[in-house]
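# A structural walkthrough
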Amino acid sequence: MALREKDIEYFRQLLEAEHAKIDKQVAGLRKKIKKSLDEDRVFERNSGDPDSDFITESSEIEKDEMLVRQLESSLQQIDDALDAIGEGYYGICQKCGASIDRARLKTIPWAKFCYKCQVEVEEVEKGAA
Ligand SMILES: [Zn+2]
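Since the structure is predicted, the reported quantities are computational estimates derived from the model, not experimental observations.

Within the protein, the secondary structure is distributed over four helices and zero strands. For the protein, the sequential pattern of α-helices and β-strands runs α-α-α-α. Relative to its 129 residues, the protein shows a buried fraction of 10%.

Set out below in structure tokens:
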């Protein structure tokens, strides 16, 4: 069953709220990374040999950077879903054209594929990796 306008509005708000939340997380992490990098530079100037603190700090930055990349790919998916709403194909599987289950959209509002196609896509990705 295709989504009603009311449903689409509901998912649009859900997506926008999620987008704002992730945006904030990314901005916070970016600030944290920048601050850590600045502190590292200060540390390097003050001391020649990096001690364990320095190493911990570096892997911390790497973890944060990885998280930023993950969050940015989520943002991309949310943007795509918001585009789909604007274009009028939201909630339609981009592989087989079937309506995506509402329950599925409630769990994953940025879902591009129906469950069946998602499984297929993931299997292809797994095979390619
Ligand atoms: Zn499908």
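Positionally, Q25 belongs in helix 1 (residues 5-46). For the pair Q25 and L71, spaced 46 residues apart in the sequence, the C-alpha separation amounts to 8.1 Å.

Attention shifts here to the environment of K63. Mapped onto the elements, K63 comes out in helix 2 (residues 52-87). For K63, a count of 12 C-beta atoms within 10 Å corresponds to the exposed category. With 30 residues separating them along the chain, K63 and I33 place their C-alpha atoms 9.8 Å apart.

All right, on to the nonpolar core then. Of all hydrophobic cores here, the largest spans 11 residues; its members are F11, L15, I78, A81, Y90, I100, L105, W110, A111, F113 and C114. When residues of this core are traced back to their parent elements, those giving at least two are helix 1 and helix 2. Setting aside its immediate chain neighbours within four residues, I78 contacts L15, E18, H19 and W110.

Residues at a pLDDT of 70 or more form 87% of the protein, whose mean pLDDT is 89. Of all helices and strands in the protein, the one with the weakest mean pLDDT is helix 2 (89), whereas helix 3 (residues 102-107) scores best (94).

What counts, and where the lines are drawn
Every chain begins its residue count from 1, and numbering advances along the sequence as written. Totals for whole chains, interfaces and linings use all residues, but because this is a predicted model, local features are given only for residues with pLDDT of at least 70 and pairs of side-chain atoms are given and counted only at 80 or more. Numbered from the N terminus, helices here are DSSP runs of H or I no shorter than four residues, and strands are runs of E no shorter than two. Put simply, a residue is buried when 20 or more other C-beta atoms lie within 10 Å of its own C-beta and exposed when 12 or fewer do; between those, it is partly exposed, and each C-beta is set from the backbone. In these notes, a nonpolar core means any group of buried Ala, Val, Leu, Ile, Met, Phe, Trp, Tyr and Cys residues linked to one another through C-beta atoms within 7 Å. By definition, residues are in contact whenever their C-beta atoms, placed on the basis of the backbone, come within 7 Å of each other. Values of pLDDT, ranging from 0 to 100, describe the predictor's confidence in every residue of the model.

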